[in-house]
Amino acid sequence: MRDNSLPSISEQDIQEMATASSFERGMGYFVRGAILDPVREGNVLRARCEGSMPLDYHLQVDLDETGVAETWCSCPYSYGGICKHLVALLLTWVRQPDTFAVYDDLVTTLEAIPKETLVALVAEMVQQNPALYDLLARYREQPETIPTPSAPRPHRVSAAEYSGEIAYIIGEGADWYHMDELMSGLYTVERTAEGFAQRGEFTNAAIVYTELLRGCVEGIEDCDDSSGSMGDLGQACAETLQEIVPQTDWDEAERRSWLRDMFELCVNDMGGYGFEDVLSELVIATYRPADAEALEAWIRDSLDEASHKPRGDYRRRGLITMWLDLYAREGRHEEYLALCAGEGRRLALCEKLVDLGRAGEAMRVVRQEPLPGHEAWRLVEHLEQAGHEAFAIEVAETALPEAKGWPLDKHGNWLRARYERQNDLEGILEIHLARFHASPDYALYQSIAEHARELGRWEQLKSALDQIVEERGSRSLHIQMALDDGDLSRAMEIVERSGAVINQTWTDRVARRAAESAEHYPWAVAYYERQAEKHIAGKRRHLYQEALKILKTIRQVYRRHNASGEWEAFIADVRKRHRGKKVFLEVIEAL
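All of these numbers come straight from a predicted model, not from anything done at the bench.

**Here we look at the sheet that holds strand 5 (residues 101-103)**
Working step 1: Taken together, the five strands give an open sheet; going across it, the order is 4-3-2-1-5, and neighbouring strands pair in mixed fashion. Among the strands making up the open sheet, the edge pair consists of strand 4 (67-73) and strand 5. Adjacent strand axes in the sheet meet at a mean angle of 20 degrees, parallel and antiparallel pairs treated alike.
Working step 2: Across three bridges, the pairing between strand 1 (residues 35-41) and strand 5 is parallel. Among the inter-strand pairings, Glu41 is bridged to a residue of strand 5, identified as Tyr103.

**Side note on the side chain of Arg457**
Working step 1: Tracing the chain through its elements places Arg457 in the loop between helix 22 (442-455) and helix 23 (458-472).
Working step 2: Excluding anything up to four places from it in sequence, Arg457 contacts Glu426, Leu429, Glu430 and Ala452.

**Structural notes on the nonpolar core**
Working step 1: Ranked by internal contacts, the top residues of the largest apolar core, which has 95 residues, are Leu186, Leu213 and Leu295.
Working step 2: If one sorts the elements of this core by residue count, helix 9 (residues 202-219) sits on top with nine residues.
Working step 3: With near-sequence residues (within four places) excluded, Leu295 lies in contact with Phe263, Val283, Ile284, Tyr287, Met322 and Leu326.
Working step 4: Within the second largest apolar cluster, 38 residues are counted, among which are Ile494, Val510, Tyr521 and Ile571.

**A closer look at the side chain of Lys84**
Working step 1: Within the fold, Lys84 resides in helix 3 (residues 84-95).
Working step 2: With no salt bridge to any partner, buried Lys84 finds its closest opposite charge in Glu24, at an N-O distance of 12 Å.
Working step 3: In this view, Lys84 contacts Ser22, Arg25, Gly26 and Tyr29; residues no more than four positions away in its chain are not counted.

Rules of the game
Within every chain, residues take consecutive numbers counted from 1 along the sequence as written. Side-chain atom pairs in this predicted model are given and counted only at pLDDT of 80 or more, local residue features only at pLDDT of at least 70, and totals for whole chains, interfaces and linings cover all residues. Excluded from the side-chain calculations are hydrogens and water; all other atoms, namely the structure's heavy atoms, are used. Strand pairing requires that DSSP identify at least two bridges connecting the strands. Only DSSP runs of H or I covering at least 4 residues are called helices, and only runs of E covering at least 2 are called strands; the numbering of each starts at the N terminus. Working convention: axes come from line fits to C-alpha atoms, limited for helices to the stretch in contact. Angles between N-to-C directions cover 0 to 180 degrees. Should any heavy atoms of two residues lie within 4.5 Å, those residues are counted as being in contact. Put simply, buried Ala, Val, Leu, Ile, Met, Phe, Trp, Tyr and Cys residues joined by side-chain atoms within 4.5 Å make one nonpolar core. Working definition: with a 1.4 Å probe on protein chains only, accessible area under 20% of the residue-type maximum means buried, over 50% means exposed, and in between means partly exposed. Charge assignment: positive for Lys and Arg, negative for Asp and Glu; neither His nor the chain ends contribute. Whenever a carboxyl oxygen of Asp or Glu lies within 4 Å of a side-chain nitrogen of Lys or Arg, that contact is scored as a salt bridge.

In structure tokens:
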């Protein structure tokens, strides 16, 4: 029955609060009876609405003397006006007010219950939900701080319902072709969580984001997430939870339970599908100082169990990293250093020593046993940022011989700049040698030759560079180096050994050099002859024309070296060997 003290609302009012599309679709929801369990508590209307997803939407409308004061729906709609679900609720109130169960507001209801009955009610509630005992104990210990509730706590969504919806969306997973459809469902849930957060309902937002994060972590194994969309969504949920968890109205027991839940989720993913880091960051970012002892105990217990679990080594590494992060945040520096030393985390140990102003101790660690290449370069950066350039150079010099790829490019440039500033030619040469060893090229060869000649080390290094290129099989570079060094015999020998493997551009270059040499021009003639014979074997006029060009080159070689007689003998032999090829003989007749 409608309460006459409440304001009158018309369908026209509802139409003005919604877009035409939302009103039309809301009318459809109303007609098919999608509004479930409508309730009026004082001036508040509440209900559930069956929507397009397995999970029902929760609705609330607050009324005041002017009409509708405030509305809320757990759906993700945010496109202007009220959503279709709220339209359906208000149409139900206007057309079927008697379907609403009428209750006093919570405070009024509780005040009307006799003390003995209220005690029995609370006892039964605690028996059904033991988690309420902590809340009861807190109020019993501080009775003078118990506020008089003026309104019921905002409605909390059910984690189980959202977990069920997410499990329904993910199902048994999806291949690449069906991932867009699956992710569309998860994004709908994400928009619901965003809506809660935008309205300041941080507890509800945290509940939904938590279940969505859990769904991504546990469901990604069965999905082809080649695009990274599910991984990105899980990371976004974790990052958002870092911001909103401190703003929830969870009591200490609820918050500690959530923290333990996230810790377990993190541990179970260690060595798994890539959420370990973001989950560990979430745990470290949201724990409170009062949780430190409990968190450390959880880590210890999990370490004891790690050896008996799948991916035990990964779990141990992940747990030690979390433990170090805990010590760092707590400012427990000596315990941090001891844990690093005990676990062989030498890079973390050195970086922390540098941060504590104890760079000398860090260098003693490195001098005792050098860090692996990638860790050494990270320490170089750390030392440089801390203003310890001399130490940084020392570590870089130790790592340089084994450096490869981008660390060599990045840090080699850094180190070379400092050598150039100090005019240290030996240091510059060593950087060039390290780069040449990692990836030989001609420009580096020229730089090495320039600096080595200046230092009187060229003859010593030349054979070593040859060996590097030989081992790499870089035939073109090898020829270029031989020609640059004026060693034509070596260049010709490399061509002969390489055969068809080598680029013809370089073999032609060697042939041109040989053609100019009184000693080696017969080699050039033999090379050109092989090229001509390949064209002749094709038995086509256009190929004969190409052969003619090469034969003219051979004639020029003989003439350059005053060997016309040799040319006449050569061309006579060619004509004799190919006397059956009339077209070919016509083409070369001018010779």
